[in-house]
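Here is what each chain is made of, one letter per residue.
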Amino acid sequence: MGDGQVAGSTTQAGSGLVLTVLASSQFLMTLDSSVMNVSMATVAEDVGTSITGIQTAITLYTLVMATLMITGSKVGSMMGRRRAFALGLVIYGAGSLTTALAPNLAVLLIGWSFLEGVGAALIMPAIVALVATNFPAQKRPAAYGLVAAAGAMAVAVGPLIGGAATTFASWRYVFVGEVVIVVLILLVLSKVVDVPPSKSRLDYVGSILSVVGLGMIVFGVLRSSEWGWVQAKPDGPQLVGLSPVVWLLIVGLLVVYGFLRWEGRLAAAGKEPLLDPAMLRNRELSGGLSMFFAQFLVQAGVFFAVPLFLSVVLELSALETGVRILPLSAALVLAAIAIPKLLPTANPRRVVRVGLLVMIFGILMLVAGMDPGANAAVVMIPMLFMGFGLGCLSSQLGAVTVSAVPDDRSTEVGGLQNTATNLGASLGTALIGSVLIATLTTSAIAGIENNPAVPVSVQQQASTDMASGVPFLSTTQLRSALSDAGVDESTADAIVNVNEDARLDALRVAFAVAALLAIAALFPTARIPRVAVGDKRATS
């Protein structure tokens with residue numbers, strides 16, 4: 001069955017239902033981490049562990065999902081996209097149910113970090129391939145735009161959902177709700193058109209190399225905030241005098257290089273590789289993957305810093321923080337729907353560049369808005385610009401990457417695409433987090449040392465204690481800590497004022513770095529095609 005026939009039959013059967021199924025699945029894949037981030041303290045108390053234990057669960061979930069994505073895409077090609085999608089949903093649903101019932105951290109790690117991570121590695125590449133199977137080329141930008149918008153919405157509304165569940169009921173109901181959604185999707189999955197599976201074998205050596213290499217890189221990036229990037233933090237582990245992070249990155253990159261060499265050798269010998277390296281030499285595909293990486297790098301960095309401003313600096317609740325980020329979701333969905341509908345033949349390169357420029361403008365507004373008298377209203381307009389910019393990118397990139405190769409390679413493209421987004425999101429969070437804490441530490445130490453209201457003995461003690469990094473604390477948290485330490489009121493006031501100024505300095509620098517990253521992303525846009533996917537002017 002050809003592509004046009006597949007898409008046509010899907011349209012008659014109800015393409016809206018198919019798109020709802022795929023977008024809902026993408027929403028689920030992204031929701032967990034954002035919900036868990038705002039519910040960490042409650043979850044830790046419920047399962048009898050520490051915040052560090054929950055952070056470990058979040059790290060392992062990202063690690064399992066990112067490292068298995070390329071292997072999961074190949075499994076999808078071998079067993080059929082819809083079947084892999086269904087299997088992934090069953091595993092993910094089992095993980096969600098296990099998490100909802102978890103009595104301790106060990107069960108939480110099995111359910112959330114492992115089972116849900118494995119399920120996501122099967123589901124996410126299949127989503128990309130099933131859009132290509134179920135929609136004709138001219139409708140793919142809108143379809144991919146809505147699927148991508150669903151994932152970004154989950155990041156934005158996750159704090160709202162997590163805050164509401166934690167405040168009024170229990171975080172466990174979020175995972176119960178996921179099980180219900182998984183069951184509903186499975187009930188209508190037969191409406192999604194599939195193509196026969198390909199007759200191929202799994203490259204076990206390549207799979208092991210990709211898992212080990214990507215795993216070391218992702219794990220290193222995720223641990224950078226605690227261990228340091230190159231120089232080990234005073235309270236962190238060391239390996240040959242350096243942070244383990246730099247060694248993880250070095251060895252991980254070497255293993256990935258070995259993986260690509262191995263895959264190239266298999267392809268040259270006429271055997272079936274896990275990933276054909278020739279795909280990475282495709283200008284359009286590599287351009288799309290670069291932009292996915294850059295989008296999630298910037299998006300994750302901004303999504304890391306904005307909630308800190310709202311929840312720590314302004315001390316808003318998780319629910320109030322989620323409400324302030326909602327304008328981003330509205331603008332994102334509007335752009336993702338409107339651009340393909342109103343401008344179906346728009347130049348993809350131009351749309352992506354406009355989206356990046358709009359995002360840069362929004363981020364620079366955040367830089368300018370970090371003033372001592374700033375309130376929650378300062379993020380509303382920047383969130384609209386960020387949402388519109390992300391919507392511009394979402395409306396183009398999915399269709400660009402899949403159209404770069406034949407449809408029978410779309411599952412592999414899905415694996416590469418989701419690997420790029422996971423790497424971008426992990427690096428964006430870690431990089432902006434490192435910049436923020438480094439600036440906060442430098443600014444706070446300088447502020448205390450140069451403040452005559454702080455006694456010399458306190459200055460010396462603070463400089464020693466804060467050398468390894470200053471935590472991003474709210475005024476309430478800091479006053480409580482100073483009170484417990486027996487610091488007198490006048491000294492405490494001076495330290496609180498220094499902390500308030502240092503927090504704004506740190507946020508300002510973090511947003512400025514995010515803007516620089518978005519500007520750098522403009523350069524690889526030259527690899528994005530000028531002709532819209534499905535446009536008759538497109539060349540073969």
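Residues numbered from 1 in each chain as written. Predicted model: local features only at pLDDT ≥ 70, side-chain atom pairs only at ≥ 80, totals over all residues. Heavy atoms only, no water.

This part is about the overall build of the chain. A count of helices and strands for the chain gives 18 helices and 0 strands. Against the globule reference of 24 Å for 540 residues, the chain gives a C-alpha radius of gyration of 24 Å, in line with a compact fold. Contacts in the chain between residues at least 24 apart in sequence constitute 82% of all its contacts with a sequence separation of at least 6. Approximately 22100 Å² of the chain is accessible, and the part contributed by carbon and sulfur atoms is 65%. One finds the centroid of the 30 positive side-chain charges in the chain at a distance of 19 Å from the centroid of its 30 negative side-chain charges. (Helix = DSSP H or I, 4+ residues; strand = E, 2+ residues; numbered from the N terminus. Rg over C-alpha atoms; globule rule 2.2 N^0.38 Å. Contact = heavy atoms within 4.5 Å. Areas by Shrake-Rupley, 256 points an atom, 1.4 Å probe, with all protein chains shown as cover. Lys, Arg positive; Asp, Glu negative; His and termini not counted. Charge placed at Lys NZ, Arg CZ, Asp CG, Glu CD.)

It is worth spelling out the pattern of salt bridges at this point. Side chains carrying opposite charge are able to pair once their charged atoms draw close together. Under the defined criterion, the tally for this structure stands at 6 salt bridges. For the salt bridge of Glu272 with Lys74, the shortest nitrogen-to-oxygen distance reads 2.4 Å. With Glu272 in the loop between helix 9 (244-268) and helix 10 (283-313) and Lys74 in helix 3 (residues 51-79), the pair connects residues that are 198 residues apart, well separated along the chain. Taking relative accessible area as the criterion, Lys74 reaches 2% and is therefore assigned buried. Arg223 is the salt-bridge partner of Glu226, the closest N and O atoms lying 3.1 Å from each other. One end of the pair is Glu226 and the other is Arg223, both in helix 8 (residues 204-227) and 3 residues apart, which spans about a single turn. Glu226 gets classed as partly exposed once you look at its relative accessible area, which sits at 36%. (Salt bridge = Lys/Arg side-chain N within 4 Å of Asp/Glu carboxyl O. Buried < 20%, exposed > 50% of the residue type's maximum accessible area, 1.4 Å probe, protein only.)

This part is about the packing of helix 10 against helix 18 (residues 489-520). Running from N to C, helix 10 and helix 18 cross one another at 160°; their axes reach a closest spacing of 9 Å. For the element pair helix 10 / helix 18, the angle class is roughly antiparallel. Between helix 10 and helix 18 lies a crossing of left-handed hand. On helix 18, the residues touching Leu297, Val298, Val302, Ala305, Val306, Phe309, Val312 and Val313 of helix 10 are Arg503, Leu504, Leu507, Phe511, Ala514, Leu517 and Ala518. Partitioning the contact of helix 10 with helix 18 into residue classes produces 14 nonpolar, no polar and 1 charged. (Axes fitted to C-alpha atoms, helices over the stretch in contact; angles between N-to-C directions. Parallel < 35°, antiparallel > 145°, perpendicular 65-115°, else oblique. Left-handed = near helix turned anticlockwise from the far one by under 90°. Nonpolar A, V, L, I, M, F, W, Y, C, P; charged D, E, K, R; others polar.)

Let us look at a nonpolar patch on the surface. Side chains of Tyr173, Val176, Val180, Val183, Leu184 and Leu187 sit close together on the surface and give an oily, nonpolar patch of about 600 Å² of accessible area. Counting through the fold element by element, Val183 comes out in helix 7 (residues 172-188). (Patch = residues over 30% accessible without salt bridge, like charges linked within 9 Å, V, L, I, M, F, W, Y side chains within 5 Å.)

Turning our attention to the nonpolar core. In this structure, Leu22, Ile54, Phe85 and Leu285 are the most contacted members of the largest nonpolar core, which totals 65 residues. The element that contributes the greatest number of residues to this core is helix 5 (residues 105-134), accounting for 11 residues. Aside from chain neighbours lying at most four places away, what touches Ile54 is Met36, Met40, Val43, Ala44, Val47, Thr49 and Leu108. Grouped together as the second largest cluster of nonpolar side chains are 55 residues, Ala305, Leu332, Leu440 and Ala518 included. (Core = buried A, V, L, I, M, F, W, Y, C linked by side-chain atoms within 4.5 Å.)

Of note in the backbone geometry, Val240 takes a positive phi value of approximately 55° without being a glycine. Structurally, Val240 can be placed in the loop between helix 8 and helix 9. Since its relative accessible area comes to 70%, Val240 is described here as exposed.

Before going further, it helps to spend a moment on the confidence of the model for the chain. Scored by pLDDT, the chain comes out at a mean of 87, with 94% of its residues at no less than 70. A low-confidence stretch, residues 1-13 stays under pLDDT 50, and its non-local contacts, those more than four residues away or across chains, total 21 contacts. (pLDDT = per-residue confidence, 0-100.)

Applying the stated criterion to the full structure yields 4 aromatic pairs. A ring pair is formed by Phe361 and Phe385, whose centres lie 5.0 Å apart and whose planes are at 75°; its orientation type is edge-to-face. Note that Phe361 is positioned in helix 12 (residues 348-369) and Phe385 in helix 13 (residues 380-394), a separation of 24 residues in sequence. What makes Phe361 partly exposed here is its relative accessible area of 46%. A relative accessible area of 28% means that Phe385 is categorised as partly exposed. (Phe/Tyr/Trp six-rings, centres within 6.5 Å; stacked < 30°, edge-to-face > 60°.)

With 31 residues, helix 10 extends 44 Å between its outermost C-alpha atoms, agreeing within 8% with the 45 Å of an ideal straight helix rising 1.5 Å per residue. Most of helix 10 is tucked away: 23 of the 31 residues are buried. Between the side-chain oxygen of the N-cap and the backbone nitrogen of Glu284 there are 3.0 Å, and the N-cap of helix 10 in question is Asn282. One or two residues past the end of helix 10 sits Glu315, with phi positive at roughly 60°. (Expected span 1.5 Å × (residues − 1). Polar contact = N/O pair within 3.5 Å; in protein donor to acceptor, adjacent residues only side chain to side chain.)

Take the environment of Phe296 next. One can find Phe296 in helix 10. The spatial distance from the C-alpha of Phe296 to the C-alpha of Leu427 is 8.9 Å, given a sequence separation of 131 residues. Once you skip the residues sitting within four places of it in the chain, Phe296 turns out to touch Thr421, Gly424 and Ala425.

Any two packed helices are characterised by the angle at which their axes cross and by the distance between the axes. Packing of helix 6 (residues 140-168) against helix 11 (residues 318-342) brings their axes to within 9 Å, and their N-to-C directions diverge by 170°. Relative to helix 11, helix 6 is oriented roughly antiparallel. In terms of crossing hand, the pair formed by helix 6 and helix 11 is left-handed. Of the residues that constitute the contact of helix 6 with helix 11, the class distribution is 23 nonpolar, 4 polar and no charged.

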